[in-house]
Structures are given as structure tokens and as C-alpha cells.
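Structural characterization, general
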Amino acid sequence: MQPHEKEQLISMVTDALGYYRQDVSQFTLHVWLQACQPFTIEQVSKALTAHVTDPDRGQFAPKVADIVRILAGTHTDRAALAWGKTLEAMARVGAYTDVCFDDPAIHAAIEDCGGWVKVCRTETAELSYLQHRFCQSHKAYTGRGTFEYQRQLKGDRSSDEVYLEKGLPVPNPALIGDADRAKLVYQGGNASGKTAITYAPLDSLMRLAADRQGVTA
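The structure displayed is predicted, hence computed values, not measured ones. (Residues numbered from 1 in each chain as written. Predicted model: local features only at pLDDT ≥ 70, side-chain atom pairs only at ≥ 80, totals over all residues. Heavy atoms only, no water.)

1. Observations regarding the packing of helix α1 (residues 6–19) against helix α2 (residues 26–35)
Think of two packed helices as two axes; the pair is described by the angle between the axes and how far apart they sit. Relative to each other, α1 and α2 sit at 120°, their axes nearing to 10 Å. With respect to each other, α1 and α2 are oriented oblique. Crossing of α1 against α2: the hand is right-handed. Across the interface between the two elements, Lys-6, Leu-9, Ile-10, Val-13, Thr-14 and Leu-17 from α1 touch Thr-28, Leu-29, Trp-32 and Leu-33 from α2. Its residues placed into classes, the contact of α1 with α2 shows seven nonpolar, two polar and one charged. (Axes fitted to C-alpha atoms, helices over the stretch in contact; angles between N-to-C directions. Helix = DSSP H or I, 4+ residues; strand = E, 2+ residues; numbered from the N terminus. Parallel < 35°, antiparallel > 145°, perpendicular 65-115°, else oblique. Left-handed = near helix turned anticlockwise from the far one by under 90°. Contact = heavy atoms within 4.5 Å. Nonpolar A, V, L, I, M, F, W, Y, C, P; charged D, E, K, R; others polar.)

As C-alpha cells, this is what we get:
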């Protein structure tokens, strides 16, 4: 949603809740604004209309969760769709190409499953297990909201340094799904992924342990 659409959303939500004779507090409006940020004003408008005209749910005033459910589905729905998108990319793009999906939770889930190359080379007999593990991870990251993830998933290719040494451009990742969203995913990610790992010399760890023992004593 664009910044200039904020007032339009406030008016829309106020009118919708007014239809159910409910007052709107500043806190309520703040929650609506935050929850609807990933969607366009047209999508929110259609979702409100869908709720109001629903024979069952439409008897009650719309809550934020009702609109998000219509627009994004449940975490289970989103995980299933994400797996379908991943499976298609595995077949059409393959292990030798870097990829960037339009959903950061896909990046994190694939990292949990061993990385893009390993996922692409999964045996057919093991796909059911991979799907289960992927969907569980995707639901966890979607529920968390914010998390670290790799900006792109590396394929089985030569390193960037090899390309640069030969004077060749580093291959761009294949954008999977909505190209604009995938670019935003790339911009919001990092090179190392969700788990930062550092190494310390053994002697420094021993000194740290000795210092702690001294403090305890």
C-alpha cells in the first residue's frame, strides 16, 4: 500500500465498521493500517466487500484477521502455495541457477532443508518428506513475521570470484513469482542467511573460561 492511500484506508475501515454501528478507536485504525500494508487499497476494498456479503461471516463486523485471511489465506494455505511454487522452480530452473523468490519465507525454509542445490536434487521418493519439512518451516517463518534470510539461493555454479577473474559478469538470479516482489526480497535479505556462525581460536575460549572461573571464585 502506498503512503498516500493511508487516509483512503482509514475512511474505508471507518465506513465499513460504521455499517455495523461500531465506533473506531485510534488503536483499531493503527492495527488495520499495519496489517493491510502488504496489500493494495483495491485488494482491501474487495476483501471488505467479500466479507460483508458472506452469508455466514458477514453477519459480524470485519476484524483484521478476517480480511488478512481473505487476502493471504491461512499459514497452511500459504505454505502449500509456496511449496507448489518451489516445486515448479525446481523443475523449470534447476540446481545450476541462483534463484530469488517473491517470498522471503521460501528462502528461509529452503535453507532449513539444506539449500537450493540439495532441495533440487531430492530423490522423488523423498519429496513427500521434503514437502512436510518445507511447509512446517514456511509456516513457522510466516508466523514469526520478521527473520533473517539469504537474499538469493545459490545454485551449483562457479563462485563469483571465478567469474570476475575471467572478466565475466556474475549471473543474475532467476526471479521466481512476481518480479517486483522478488526484487524487494533480494533487497531485504543478506548474504549469509538466517544463522550467523563465527569461529574463535581455542586459546581465546580457554582464557574466557578461566576469566569466568576467576569471577565465580
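This is not the end of the story, as more comes after the structure.
2. Quick word on the packing of aromatic side chains
Tallying each qualifying case throughout the model produces five aromatic pairs. Ring centres 5.1 Å apart and planes at 85° place the aromatic pair Tyr-19 and Tyr-20 in the edge-to-face group. The class of Tyr-20 is buried, set by a relative accessible area of 17%. Geometrically, the ring pair formed by Tyr-141 and Phe-147 is tilted, given 5.0 Å between the ring centres and 50° between the ring planes. Using a relative accessible area of 7% as the deciding quantity, one classes Tyr-141 as buried. An aromatic cluster is built from Tyr-141, Phe-147 and Tyr-149, whose rings are joined through pairwise contacts. Against the face of Tyr-96 rests Arg-121, its NZ or CZ located 5.2 Å from the ring centre. One cation-aromatic arrangement involves Arg-151 over Tyr-186; the distance from NZ or CZ to the ring centre is 5.7 Å. (Phe/Tyr/Trp six-rings, centres within 6.5 Å; stacked < 30°, edge-to-face > 60°. Buried < 20%, exposed > 50% of the residue type's maximum accessible area, 1.4 Å probe, protein only. Lys NZ or Arg CZ within 6 Å of the ring centre and 35° of its normal.)

3. With respect to the pattern of salt bridges
This model, assessed by the stated rule, comprises seven salt bridges. For Asp-66, the salt bridge identified is with Arg-69, shortest N-O distance 3.2 Å. Of the two residues, Asp-66 and Arg-69 both sit in helix α4 (residues 64–72), three residues apart, roughly one turn of that helix. Among the residues examined, Asp-66 registers a relative accessible area of 13% and is labelled buried. (Salt bridge = Lys/Arg side-chain N within 4 Å of Asp/Glu carboxyl O.)

4. Quick notes on the nonpolar core
Counting 22 residues, the largest nonpolar core has Met-1, Leu-9, Val-13, Trp-32, Cys-36, Val-44 and Leu-48 as its most contacted members. Listing elements by their share of this core, those giving two or more residues are α1, α2, α3 (41–52) and α4. In terms of residues, this core owes the most to one element, α1, which gives six residues. If we skip the residues at most four places from it in the chain, Trp-32 touches Leu-9, Val-13, Leu-48, Pro-62, Lys-63, Val-64 and Ile-67. (Core = buried A, V, L, I, M, F, W, Y, C linked by side-chain atoms within 4.5 Å.)

5. Re the environment of Gly-193
Here Gly-193 is to be found in the loop between α10 (179–188) and α11 (202–216). Taking relative accessible area as the criterion, Gly-193 reaches 5% and is therefore assigned buried. Gly-193 sits 45 residues away from Glu-148 along the chain, and the two C-alpha atoms are 6.2 Å apart. Not counting the four nearest positions on each side in its chain, Gly-193 is found in contact with Glu-111, Glu-148, Tyr-149 and Gln-150.

6. A short note on the layout of surface pockets
Empty space within the largest pocket amounts to approximately 1100 Å³. For the lining of the largest pocket, a count of residues per class yields 16 nonpolar, seven polar and five charged. Taken as a whole, the second largest pocket spans an internal volume of roughly 190 Å³. In terms of lining residues, the second largest pocket is bounded by 13 residues, among which Arg-151, Gln-152, Lys-154, Asp-160 and Tyr-186 are the most central. Class assignment for the residues of the lining of the second largest pocket results in five nonpolar, four polar and four charged. (1 Å grid on protein atoms, 1.4 Å probe; cavity = no way out; pocket = protein on both sides within 12 Å on 5 of 7 lines; lining within 4 Å. Points joined across faces, edges and corners; volume = space filled by probe spheres on them.)

7. Focus on unusual backbone geometry
Although it is not a glycine, Arg-21 sits at a positive phi angle of roughly 60°. Residue position: Arg-21 is located in the loop between α1 and α2.

8. Here's the deal with the environment of Ser-159
Here Ser-159 lies in the loop between α8 (127–144) and α9 (160–165). A sequence separation of eleven residues divides Ser-159 from Val-170, and the C-alpha atoms of the two residues are 8.7 Å apart.

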